[in-house]
Amino acid sequence: MELLIEAIGFGLAAGAVIALGAVGFSLQFGISNILNITYGSLMTLAAYIGLFLIDRGVNPWATLAIAGVIVGLVSVAFQRWLLAPLARRGTRPFAIVIVTVSAGVILQYVILAVAGPETQSYGDQGGQTFHLLGVTLAASQVAIVVLAVVLMLALHLLLTQTTLGQAMRATSSNRILAQSCGIDTDRMSDVTWLLSGWLCGATGVALAITTAGFDFSIGQVFLIPMIAAAVLGGVGQPYGAMVGGLAVGLASELAAAYSNPAYREVVAFAILIAVLLIRPRGLFGAAWATRRLMA
Amino acid sequence: MGTRRSRFGTLLALGVAFVVAACGGGGGSTVPTQTGPLSLGVIAPFTGPAAQFGKLLSAPCVAATDLINQAGGIMSHQISCVSIDDTGDAADAVPNVTRAIATTSNFDMAIGLESNTAATTVPLVNGAKIPFFTTNGLTQFNKNNLQYYHRMTPGDDANGAAFADWAVKQGFKNVAIVFQNNIGSEGNLPGLTSAMPKLGGKIAIQLTIPADSASYSAEVARVIATKPDALIWSADPQTTATFMSNYKQLNNGVLPTMVTATDSLTPDFFKAVTRVVGINYVTNNIFLVGSYFDQTTPAFNTYKAALLADSKTHDIAPVLSTVGPPAGAYDGINIMALAMIMAKTTVGSVYNADILKVVQPSAGAVVVGNYADGMKALAAGKTIQYVGVLGQPIFDASHNSGGQFSASKFNADGSATQVGTMPGPEVLQLLG
Amino acid sequence: MYLGTNLLAAWGLNLEFGVAGVANLAFIVTIAAGAYAYTIFTIGSPTSNGNFQQYVGGFTFPFPIALAAGIVAGAVVGVLIAITGLKRLRQDYQAMAMLVVSLMAATVVSADTPFLNGNAGLVIFPSFAPFSDQDPEVQRWAFVGIVFVACAGAYFLLRRFTAGPFGRTLRAMRDDDLAAQAIGKDVVRLRLAVQAVGGAFGGLSGALLVAFISGWSPSAWAYIETLALLTAVIVGGMGNDRGVTVGMFLIGILILQGVQFLNDVPALKALESYVNRTGLTHDLGWIVLGTLTIVFIWLRPQGIFPERRPRYGGQTS
């Protein structure tokens, strides 16, 4: 029983990081209808930028914010100058995915060529350990959970209470209609990609903090659980992505606690496949949204 | 529907493509001529996840060839190291090794062929009649009848038993075994699990973990619950860093003693783990078990001096001073070179038979510990007995020489110092 | 020899993706299935090999039967994958699902040691390989011969598939499957058939490859390998067999193997030692591959040899 509660605690911490990434991914899909696989390599980029800064004494949390900004800018540029033009020409979604995969591969190998294959680390960023209600978490893990919650709340407020947010949502659900309402949809795309890019970068740094050791493949490896979470919650649905992240995190930790630890990762994969086969729109995807998913 | 003509044309093009491709991949390997410099192949990973081993295995080649060339070469042939990337993947290694065999001139010596790829590279090199000293530990080669194969590293199962031997000797009777699911670790496991009970020890828990996960908290919790005396461990640097970090958090900063293989004596491992758990733990509480060799012999000193002298190997010389496999490779190169002199030829298929003679103890033989001395003795018509860095090699019927085992601890600079030994026979007995 | 097996694989993938529009990123699993099946069929029981590998099965069948086993295994796995992708998902979702299937398969095989010896992979002793009693040189050429025959045979089969009525039906399904259904084509059965055949190609490719290399492990089928194959298909020309052949030649030989020869270019060698990083050229190879894909999709999505639309009575499509 003790192990169960502990595992739930770990699942929460792991889920928070996954949720962070999944929300960004989901936003990007929502507004541009693209599965952006480059997201993974961008997280790796953020982790390495973070390493660069932390080695020079910058506070880890400030690094998170800075890396987020950099990746956000890169994401906007990527979308504006490579993905959007391709979409305008009528390139098929599959081809665009291949482009994002290739871009991811290129970025990953450039990072490898520059930084080398060695394992990197931010050092011990854990901080104090807290024991609450049978759950053991390090200070950094608690901080990330808090960060995730705060960001989600902020996002929620943005999307529902501000005009900007409403415009973003409108563009997400029906671009053409939004355009005819006078919304500058291109600007909405830019804003969304900037925000989600920031989340991507922040997640990359958060990952590096929690894993204590990473190398050039870290982004690609963690992309899959994040996609699983996003799909589970319903792509295009940021709140769904949060719930999805939690679910995936919990499932992985429980699997590791009670069965062969090597199946940790299989759990995320299995969830993804199951969702795609049974209910592609995810838990919270609206029924009409499935139109986008079907051939 | 293509017309008959165009279909034929395509077939023709295919045929040409085939011949071109085949020539690239399997062209004729001519009998090596005996003129010109000799090539020593270092078959190791230079790319991919195991790339750090490429550097470590190149070093003994550099040291040995420096010494050999300084002494005048092998029968006036200079010798140079040729890096052959085996990528760390058994299937991908094959095209690279095949091409190297076909295109490298005077290729009659090889070292490397480590555990990740030995399964495919060993048969290839053996089939090409190139004598080689391999550094793999795979149990499948414990018994073999490959003519050109020689090994001076112990099998992984023996290594596993050595872990158990050391752990119990240190008083750790209740151990947690956590291994990553990779080739080397899986090889260690049978030896370890059979030796533990024979020594009166207990296995508290045994887990196999996947590599590079974001968190091992659940696994760590399971291990902590069994209250082990020590942790017998084998995993790559990244996995180790994450696991130990989780352990520290969950166990109030208290970490168990770790017993791992000297394979972990890499700069990457040392840096990653030190960053996460601090230098104190790393230098006091980690034991590295592996091959033993006497660091006071002249043979060792010559080896170390050569490493320090060359700028390419200067900075990893301290680390290499305590790791067995590269030292074995160095000895192997010397042995092969001396065998060439004995056989008065550099052709692999001919001098191979003399390799075992070089290390054979016999009355009246001159004991030599390095190439230069051996060369002089042979020139004077004497019989020699090579006793190198790893001591006196004793090859069994399968050309394996196990040697002694030792345990070392890290020093603050990433090198290691030996703190205890375990005789070979004692460990092998535990395998039963 | 590698060209041959890669060709088989590329044709299979082209059949599935280029012609029939099935985005099967799990294709590499069919290759792996063929390889493992061949291995199991030739390797003998675990104990006869000194008991250091664990796996299911273990028979000692001669070469042709084991090859056939590889083909069948590939086809079966192809169908299984097809079933998972049957839901009418948008193409890129399907691609995602397939990708995850291939990752999952790799992880499961790695994790479950008793099944197929886990991460260490399986090894066939050379004595079980065909022609092993001959001189290695002869053995190599014999293999080239076998692969050549296999490719020639496969190519003929492929043309019959893609150029004939079956091919047209597949293309119809790719371009607009609702319409295809409307005129009475059973899309589901077609999909399964295509993936079975494509899988068979993959299985054959894998079996031949493993017979030559004599070893197979999970690291040999990273998902990135499917990407390389896909690039060949895209660059060469989707839906066009000749194009795919050229594409494979370009990608397989020039880029992946040719990069090795770049090692000898002095300027690059100097750069490598300057940055103190070995294997720079290897990374470069992948960077080039990725860039090539993007460039082609941007500039010429049909590939070097675009698909030849059949002409019907003088009308061009």
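Keep in mind it's a predicted model, so treat the numbers as computed, not measured.

(A) Main features of the overall build of chain A. Across its full length, chain A carries 12 helices and two strands. For chain A, the sequential pattern of α-helices and β-strands runs α-α-α-α-β-β-α-α-α-α-α-α-α-α. Compactness check: chain A gives a C-alpha radius of gyration of 19 Å against a globular reference of 19 Å for 295 residues, within 12% of the reference. Along the first, second and third principal axes, the C-alpha set of chain A runs to 55 × 40 × 35 Å. Within chain A, buried positions represent 57% of all 295 residues.

(B) The arrangement of the confidence of the model for chain B in detail. Residue and element names in this part refer to chain B. Taken residue by residue, chain B gives an average pLDDT of 82. The fraction at 70 or more is 92%. For chain B, per-element mean pLDDT is lowest for helix H1 (residues 4-26), which scores 39, and highest for strand E8 (residues 230-234), which scores 92. Note that pLDDT drops below 50 for residues 1-33; the model gives that stretch 40 contacts with residues more than four away or on any other chain. Predicted as a complex, the structure gets a pTM of 0.77 and an ipTM equal to 0.78.

(C) Expanded view of the packing of helix H9 (residues 218-233) of chain A against helix H11 (residues 264-278) of chain A. Residues and elements named next belong to chain A. Packing of H9 against H11 brings their axes to within 9 Å, and their N-to-C directions diverge by 30°. Crossing geometry of H9 relative to H11 is assigned as left-handed. Along its contact with H9, which presents Ile224, Pro225, Ile227, Ala228, Val231 and Leu232, the element H11 presents Ala268, Phe269, Ile271, Leu272, Val275 and Leu276. Here the residues of the contact of H9 with H11 are counted per class, giving 12 nonpolar, no polar and no charged.

(D) Spatial organisation of the environment of Met340(B). All names here are of chain B. Assignment of secondary structure puts Met340 in helix H13 (residues 324-343). On the basis of neighbour count, Met340 is assigned to the buried category, with 27 C-beta atoms found within 10 Å. A C-alpha to C-alpha distance of 28 Å links Met340 and Pro95, two positions 245 residues apart in sequence.

(E) Representation of helix H8 (residues 237-250) of chain B. The end-to-end C-alpha separation of H8(B) is 20 Å, in line with the 20 Å expected for 14 residues at 1.5 Å each. Directly after H8(B), the chain includes Asn252(B), whose backbone phi takes a positive value near 55°.

(F) Region of the structure containing the domain arrangement of chain B. Residue and element names in this part refer to chain B. By the assigned domains, chain B splits into domain 1 (38-155 + 324-386) and domain 2 (157-290 + 405-429). Relative placement of domain 1 and domain 2: their C-alpha centres are 31 Å apart. Grouping the amino acids of the side of domain 1 that touches domain 2 by side-chain chemistry returns three nonpolar, seven polar and no charged.

(G) How the structure looks around the sheet that holds strand E13 (residues 405-410) of chain B. All names here are of chain B. A sheet is described by the order of its strands in space; here seven strands give the open sequence E7-E6-E8-E9-E10-E13-E14, paired in mixed fashion. Two strands bound the open sheet, and with one partner strand each, they are strand E7 (202-209) and strand E14 (416-422). The mean angle between the axes of side-by-side strands here comes to 25°, regardless of whether they run parallel or antiparallel. Where strand E9 (residues 257-261) and strand E10 (residues 286-291) come together, four bridges link them in parallel fashion. Bridge pairing in E10 links Thr260 to Leu288. Packed onto the sheet, helix H7 (residues 217-225) meets strand E6 (174-180) and E7 and runs at close to 175° relative to E7.

(H) Region of interest: the nonpolar core. Ala19(A) and Leu272(A) are the most contacted members of the largest nonpolar core, which has 254 residues in total. Here this core takes 16 residues from helix H1 (residues 2-32) of chain A, the largest share from any one element. Those residues in contact with Leu272(A) that lie beyond four places of it in its chain are Ile227(A), Ala228(A), Val231(A) and Val100(C). Among the nonpolar cores identified, the runner-up in size contains nine residues, and Ala75(C), Ala200(C), Ala207(C) and Leu208(C) belong to it.

(I) Representation of the sheet that holds strand E2 (residues 79-85) of chain B in the model. All names here are of chain B. Spatial strand order, E2-E1-E3-E4-E5: five strands in an open sheet with parallel pairing. Looking at the sheet topology across the chains shown, the edges are occupied by E2 and strand E5 (149-151). Averaged over all neighbouring strand pairs, the angle between strand axes comes to 25°, with direction disregarded. Relative to E5, strand E4 (residues 132-134) runs parallel, the two being bridged by three bridges. Paired with Thr134 across the strands is Arg151, a residue of E5. Across the sheet, helix H4 (residues 118-127) lies against strand E1 (38-44), strand E3 (107-112), E4 and E5, angled at about 165° from E4, the strand it touches most. Sitting on the sheet, H13 is in contact with E1, E3, E4 and E5, with an inclination near 165° to E3.

(J) Highlighting the confidence of the model for chain A. In this model, chain A carries an average pLDDT of 82, and 95% of its residues clear a pLDDT of 70 or more. No element of chain A has a lower mean pLDDT than helix H12 (residues 290-293) of chain A, which averages 52, and none a higher one than helix H2 (residues 38-55) of chain A, which averages 90.

(K) Inspection of unusual backbone geometry at higher detail. Residues and elements named next belong to chain B. Even without a glycine there, the phi angle at Lys227 is positive, about 50°. Here Lys227 is to be found in the loop between H7 and E8. Of note, Asn252 is a non-glycine position whose phi angle comes to about 55°, a positive value. For Asn252, the position within the fold is in the loop between H8 and E9.

Each value, and the rule that gives it
- Residues numbered from 1 in each chain as written.
- Chains lettered and ligands numbered in written order.
- Predicted model: local features only at pLDDT ≥ 70, side-chain atom pairs only at ≥ 80, totals over all residues.
- Helix = DSSP H or I, 4+ residues; strand = E, 2+ residues; numbered from the N terminus.
- Rg over C-alpha atoms; globule rule 2.2 N^0.38 Å.
- Buried ≥ 20, exposed ≤ 12 C-beta atoms within 10 Å, placed from the backbone.
- pLDDT = per-residue confidence, 0-100.
- Contact = placed C-beta atoms within 7 Å.
- Axes fitted to C-alpha atoms, helices over the stretch in contact; angles between N-to-C directions.
- Left-handed = near helix turned anticlockwise from the far one by under 90°.
- Nonpolar A, V, L, I, M, F, W, Y, C, P; charged D, E, K, R; others polar.
- Expected span 1.5 Å × (residues − 1).
- Domains from an automatic or database assignment.
- Pairing = 2+ DSSP bridges.
- Core = buried A, V, L, I, M, F, W, Y, C linked by C-beta atoms within 7 Å.

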